[in-house]
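# Coordinate analysis (summary)
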Amino acid sequence: MDLAIWSYDNTNRKFDYITEELTKITGFPAETFINWDFWKDIIHPEDFPKFENLSAKVDQGIPDNNEYRIVHADGRICWVQLRVIPMKNDNCEITRIDGVVVDITSRKMIEDTLHRSEQRYKSLFQYHNDTILELDLDGTIISMNQAAEIAYGEGYVAEGHKIWTEFLGAEGVRRAAEYFQMAKDGRPQQFEISSTDINGNVQNWDVKKIPIYVNGEITGVFAIGTDITSKRKIDRKLQESEERYRRLIELSPQPIASMRDGKLIFINAAGLKLLGAGSVSELIGKSIFDFVHPEYVQMAQDRAELVRMNKFIGTSEYKLVRMDGQTIEAEVSGIFDDQMQSTLMVINDVTVRNKMERALQESEERYRQMVELSPISIVVYKDRKLTYVNPAGLKLIGVKELDGIIGINPLKFVHPDDSGFARKRMEQSLRGLCSPEEYRIIRMDGKTVDVSVTSIYDVKTLSVQLVLVDVSARKQAEQALLKSEEMNRLLVELSDRFSSDLFGVLKVHELEQRLIKEVRDVIKASKVSLIEVERNNRFFIRCGHHIPERLPSSLFEWNQNILPVCEIVDMPDGHIIKLGEIRGKMYLLCICEKPQTLTLPSYRIWLETICRYVSVLYDNFRVIEDLTKELEEITTHQATPSWLLRLLFKLSEHERKRLSQDLHDAALQEQIIWYRKLDQLISNQSLPAKLQEQLEQITQGLLDVVYQIRITCNELRPPMLKEEGIVSSLEALFEFTQLRSNYSIEFSAFDIPLTLTDDQITGLYRIVQELLANASKHSNATRVHIFLTSGPDWIQLNYEDNGIGMDISKVENTFVSMGVYGMKERVRSMNGTIEFRSSPDKGLAICICIPASNEILTI
């Protein structure tokens, strides 16, 4: 210990005595200690107030013993203990001050280190996140840190208490006591235990019990508890996650396997299916390389080592061999697990994909060959520069080598007149497929070619494919076709005009003249004649130009019986066409020259067509002429024949039908339209009342007109007459007539199992119409009775009324005016009979009987 003694003469204000140790303690030589102020110079500034207090005490004669810090001569801070004893004289004056200085720097450093250690321990104890309890050997809590107070709560534990049952439970207390006893024996313990806090929440703890040694003896136990509740929750979630991961792998449709040291330790169901195994036991423990195709075993082993080194490796393709010997192709990627020292393999069956890719490659190769060998020109360009042209395209453009045009703008080959259109098409093609369009291109040799171009945009290569078809031949054919169509149209118009002109021709001679004129005008030939050839080969010209003398000899060389009708037969000096034969005479159209027009197919077809038309008319005119002569001879000597009457009545019915149809389709529909327009106009409430009344009257008048037109149409052409039969049609007629007449109608129709022709049904219906009209106009009858009966081969119609009757002998000449003549003629046209019975004021009775066929059908 460094101790210095000094004595200070307070009267003279200087040191009388100083030991050498003071220089050692302060670092200053003894001569620097001049007076009392020397102490003020070396006292540490923070301790200067304490030194002032010492000086005050000394001045009062009070001794002092205190510790101060001084600043050593080398700048160090040192601690000294300064003890001062003031000495007084008899007058109580301070005459001398004695002091002792002890260097306590080492002690202070030890105390400071100890204090710091205690502070660190206290900080570690108080502010540690884990709960720390200090227990004595009886298990009583001596102290606890703040974490323990917060975690356990003052209600459960306090210093001086033992381990509590409420916090740990009976089983927890038993286990804690057991581990406490082992810690007391000098064996540190670590265990996990659960507790329940004051709020009822369960906590998990990782507890360490460490014996406390003091001077080599165990004086207590530290209980350090780490709250692992969150960790346990995380562990449970991790376990659940691992379970989900495990199930995900097991149920994954993707084959997944794990191997260690080259042997399978796990494989999921998809992997079993991939390798064709029935159960896991068939594969577990086997070398994974047993399932690799021999050609890929070395590659698979090398990649397995790379996975171990790099922890992960991307996919590679192998060929695998299934349990059934089938070879499949698969992509395999690997992940190395350091913890398990195993490799997880994800396997993807790419057998089908590879087959499709190979098929696609083969298809692309076929497509390439097809493009190369295609007779259709195919051109590819990108960024308006040619990148490919197939051989057909090179031939179309007129180039031998592809290198000669690669990089050229395809618009260079487009005709200047079509370049604007082609440029727009080029822009449109960048948006997708463009339908075929036609424009012209100019070959390298300057020749212009018409092409049809289809554009296809390829989004993958950002290029445009052009399919070009040479349509020059088709264009030429179209132009020739247009000319041919124009010629045909002209010939058709000529044919139509010719046929229209023939509608006004009534004589055979006029027909022949018109034919000759038309042929001369169209085929541009002047020597055209129509000749009549008899069976003895005599002939004469009916119309037209004379014929050369040598033509008859050439004509007779032909077998006239095999001459085709209305077909052109080419002769050395002209052409002939057979129009037909009538009464053993042959009629020929002769063209006694070789006009250029007949070398064209269209003109030949036209000539044969109008000849066929004339041939038909020629035959009809001959028949009509014969019939006319026959009618003239017949009508001169006797009454009109029945067949002619039937023809006249049929023509009359046809005209009635046409008139009824015209009335219905034109007049009736027009009236209905105007009625609907008026009806809409009347519905307008803003119209004046008077005008609306007038419009309603007009509307009613239109309805009457519509009704009358319908009646007229029905009378002209009875509806469903032929479909419903004579009986149903007469019943409908009687029902309608009854509404407009003042007499009653009785109708009786018995079973009529006979077949009537359409003409007979119409004839009977018209006769009944005439009878009813006569009853309404002349008879003044109140009752009309009509019977319809039939026999084996006849049908009979009887008429009776109670009218004024007539004298048959006196009114014979009035039948025409009364319509009786018409009834008689109708009956005669059907080869039937009609009988009249009547007298004045005795009514009228008529019996009509007509023959019918024996076929039994419902009328």
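Below you will find a few notes about this structure. (Residues numbered from 1 in each chain as written. Predicted model: local features only at pLDDT ≥ 70, side-chain atom pairs only at ≥ 80, totals over all residues. Heavy atoms only, no water.)

This part covers the sheet that holds strand β5 (residues 94-103). In space, the 5 strands of this open sheet follow the order β2-β1-β5-β4-β3, with antiparallel pairing throughout. Only two strands of the sheet have a single partner each, and these edge strands are β2 (14-18) and β3 (64-71). Each strand axis lies, on average, 30 degrees off the axis of its neighbour in the sheet, ignoring direction. The pairing of strand β1 (residues 3-9) with β2 spans 4 bridges and is classified as antiparallel. Bridge pairing in β2 links Ser7 to Tyr17. Sitting on the sheet, helix α3 (residues 48-59) touches β3, β4 (77-88) and β5, and the angle it makes with β3 is about 140 degrees. Most of the contacts of helix α4 (residues 105-127) go to β4, to which it runs at about 125 degrees, and overall it touches β3, β4 and β5. (Pairing = 2+ DSSP bridges. Helix = DSSP H or I, 4+ residues; strand = E, 2+ residues; numbered from the N terminus. Axes fitted to C-alpha atoms, helices over the stretch in contact; angles between N-to-C directions. Contact = heavy atoms within 4.5 Å.)

Tallying each qualifying case throughout the model produces 37 salt bridges. Linking Glu192 and Arg232 is a salt bridge whose minimum nitrogen-to-oxygen distance equals 2.2 Å. Taken as a pair, Glu192 in strand β8 (residues 189-196) and Arg232 in helix α7 (residues 229-251) lie far apart in primary sequence, 40 residues in all. Given a relative accessible area of 39%, Glu192 falls into the partly exposed group. Notably, a salt bridge pairs Glu532 with Lys585, separated by 3.3 Å at the nearest N-O pair. Highlighted residues: Glu532 in strand β21 (residues 528-533) and Lys585 in strand β25 (residues 585-591), separated in sequence by 53 residues. Among the residues examined, Glu532 registers a relative accessible area of 3% and is labelled buried. By relative accessible area, which is 30% here, Lys585 ends up partly exposed. A single network of salt bridges, built from pairs that share partners, joins Glu67, Arg107, Lys108 and Glu111. (Salt bridge = Lys/Arg side-chain N within 4 Å of Asp/Glu carboxyl O. Buried < 20%, exposed > 50% of the residue type's maximum accessible area, 1.4 Å probe, protein only.)

With that settled, the discussion passes to helix α12 (residues 419-429). Taken together, the buried positions of α12 are occupied by Ser419, Ala422, Arg425, Met426 and Ser429. Down the axis of α12, the buried side of the element spans an arc of 115 degrees, and every buried residue falls inside it. Contacts from the buried residues of α12 go to β16 (377-382), β18 (434-442), β19 (448-458) and β20 (463-470). (Arc of directions from axis to C-beta.)

A word on the side chain of Arg69. With respect to the secondary-structure elements, Arg69 resides in strand β3. A distance of 2.9 Å separates the side chain of Arg69 from the side chain of Glu46, its partner in a polar contact. Setting aside residues up to four positions removed in sequence, Arg69 forms contacts with Ile42, Ile43, His44, Glu46, Asp47, Ile77, Cys78 and Trp79. (Polar contact = N/O pair within 3.5 Å; in protein donor to acceptor, adjacent residues only side chain to side chain.)

To continue, consider the packing of aromatic side chains. Here the structure, examined in full by the defined rule, presents 6 aromatic pairs. Taken together, a centroid distance of 5.6 Å and an interplanar angle of 80 degrees make the contact between Trp6 and Phe15 edge-to-face. Residues Trp6 and Phe15 agree in their burial class; the two are buried. Across from the ring centre of Tyr68, 5.3 Å away, lies the NZ or CZ of Lys50, which sits over that ring. Its end group placed over the ring of Trp79, Lys108 keeps NZ or CZ at 4.4 Å from the ring centre. (Phe/Tyr/Trp six-rings, centres within 6.5 Å; stacked < 30°, edge-to-face > 60°. Lys NZ or Arg CZ within 6 Å of the ring centre and 35° of its normal.)

Among the surface-exposed residues, Leu3, Ile5 and Tyr17 lie close enough to one another that they form a single nonpolar patch of about 270 Å² accessible area. Inspection of the secondary structure assignment puts Ile5 in strand β1. (Patch = residues over 30% accessible without salt bridge, like charges linked within 9 Å, V, L, I, M, F, W, Y side chains within 5 Å. Areas by Shrake-Rupley, 256 points an atom, 1.4 Å probe, with all protein chains shown as cover.)

Here the focus is the environment of Asn714. Within the fold, Asn714 resides in helix α18 (residues 689-716). Judged by its relative accessible area of 39%, Asn714 is partly exposed.

A few words on the pairing of β3. Here β3 runs beside β4; their pairing, made up of 8 bridges, is antiparallel. Bridging from a neighbouring strand, Arg69 pairs with Trp79 of β4. Turn length for the β3-β4 hairpin, with the two strands adjacent in sequence and antiparallel, is 5 residues, and the turn residue Gly75 shows positive phi of about 95 degrees.

Below, the discussion takes up the pairing of strand β13 (residues 312-321). As judged from the 8 bridges shared by β13 and strand β14 (residues 327-337), these two strands associate in the antiparallel manner. Paired with Leu320 across the bridge in β14 is Ile328. What sits between β13 and β14 in their antiparallel hairpin is a turn of 5 residues, with Gly325 showing a positive phi close to 90 degrees.

Two numbers describe how helix α20 (residues 726-740) lies on helix α21 (residues 758-779): the axes approach to 11 Å, and their chain directions differ by 20 degrees. The pairing of α20 with α21 is recorded here as roughly parallel in orientation. Both α20 and α21 take part in a crossing whose hand is right-handed. Each of Ile726, Ser729, Leu730, Leu733, Phe734 and Thr737 in α20 lies in contact with α21, whose residues at this interface are Ile761, Leu764, Tyr765, Val768, Gln769 and Leu772. (Parallel < 35°, antiparallel > 145°, perpendicular 65-115°, else oblique. Left-handed = near helix turned anticlockwise from the far one by under 90°.)

Pairing within the open sheet is antiparallel, and its 5 strands lie in the order β17-β16-β20-β19-β18. Pairing within the sheet leaves two strands with one partner each, and these edge strands are β17 (385-389) and β18. Taking the axes of each pair of neighbouring strands and ignoring which way they run, one obtains an average angle of 35 degrees across the sheet. Here β16 pairs with β20 via 5 bridges, running antiparallel. The residue bridging Val379 from the neighbouring strand is Leu466, located in β20. Together, β16, β18, β19 and β20 form the strand contacts of α12, whose direction differs from that of β18 by roughly 145 degrees.

Moving on: unusual backbone geometry. We note that Cys566 has phi near 60 degrees; this positive angle belongs to a residue other than glycine. Note that Cys566 resides in the loop between α15 (550-556) and β23 (568-571). A positive phi angle is found at Asn831, which is not glycine, with a value near 60 degrees. Position of Asn831 among the secondary structure elements: in the loop between α23 (820-829) and β29 (833-838).

Residues three or four positions apart in an α-helix share a direction because the helix packs 3.6 residues into each turn. With 12 residues, α3 should reach 16 Å at 1.5 Å per residue; the first-to-last C-alpha distance of 17 Å fits that figure. Those residues of α3 that sit buried are Phe51, Leu54, Ser55 and Val58. Viewed along the axis of α3, the buried residues span an arc of 100 degrees, placing them on a single side of the element. (Expected span 1.5 Å × (residues − 1).)

Glancing now at the environment of Val297. By secondary structure assignment, the location of Val297 is in helix α9 (residues 297-310). Considering only alpha carbons, one finds Val297 and Leu320, 23 residues apart in sequence, at a separation of 9.6 Å.

The contact between α21 and α23 brings their axes to 10 Å, and the two run at 165 degrees. When the interaxial angle is binned, α21 and α23 end up roughly antiparallel. The handedness of the crossing between α21 and α23 comes out as left-handed. On the side of α21, the interface is formed by Gly763, Arg766, Ile767, Glu770 and Leu771, while α23 contributes Met823, Arg826 and Val827.

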